[in-house]
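If you want the building blocks of each chain, they are given just below.
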Amino acid sequence: MTSIPVRNGGAVPAVSVAVWEGSRGNGPVVVLAHGAGSSLRHPAHLGICAATAAAGPTVVSFNFPYAQAGRRSPDRMPRLLDCFRDVLEWTRE
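Now for a look at the structure at hand. Worth saying up front: this structure is predicted, and the values here are computed from it rather than measured.

## A look at the packing of aromatic side chains
Next up, step 1: This structure, assessed with the given rule, holds 3 aromatic pairs.
Next up, step 2: Ring geometry for F62 versus F64: centroids 5.0 Å apart, planes at 75 degrees, classification edge-to-face.
Next up, step 3: Assessed through its relative accessible area of 0%, F62 is described here as buried.
Next up, step 4: Judged by centre distance (5.4 Å) and plane angle (80 degrees), the ring pair of F62 and F84 falls under edge-to-face. Taken together, the residues span a long stretch of sequence, with F62 in strand 4 (residues 58–62) and F84 in helix 3 (residues 77–92) at a distance of 22 residues.
Next up, step 5: When its relative accessible area of 24% is taken as the criterion, F84 is described as partly exposed.
Next up, step 6: Every member of this aromatic cluster is reached through a ring pair, and the members are F62, F64, Y66 and F84.

As structure tokens, this is what we get:
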């Protein structure tokens, strides 16, 4: 599993699912975050990742820091947005 450095220290795991059957591995990249109180391992999130990847784009999924720390209560919006921006920057590189 790859780790993505985030602001304020630490890192979050990222899972590239470009290898899902049907994914072309080139072209658009879709970054998907899990829902509140969940993680990147939630069955619904995994299903969305699989269906999206099967349509062709590369899919990058990640945990927010609160989920990585095992908390169910989401961080405040500024921290969530910073994390998402960091993942987008990492994806562009």
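## What about helix 1 (residues 43–54)?
Next up, step 1: If you check helix 1, its first and last C-alpha atoms are 16 Å apart, about what 12 residues at 1.5 Å a residue would give, namely 16 Å.
Next up, step 2: Turning to helix 1, its buried residues number three or more, namely H45, C49, A50 and A53. The buried side chains of helix 1 occupy one side of the element, clustering within an arc of 135 degrees when seen end-on. Counted as exposed and oriented over 90 degrees from the buried face of helix 1: P43 and A51.
Next up, step 3: Within two residues after helix 1, G56 carries a phi angle of roughly 125 degrees, on the positive side.

The rules behind each value
- Residues numbered from 1 in each chain as written.
- Predicted model: local features only at pLDDT ≥ 70, side-chain atom pairs only at ≥ 80, totals over all residues.
- Heavy atoms only, no water.
- Phe/Tyr/Trp six-rings, centres within 6.5 Å; stacked < 30°, edge-to-face > 60°.
- Buried < 20%, exposed > 50% of the residue type's maximum accessible area, 1.4 Å probe, protein only.
- Helix = DSSP H or I, 4+ residues; strand = E, 2+ residues; numbered from the N terminus.
- Expected span 1.5 Å × (residues − 1).
- Arc of directions from axis to C-beta.

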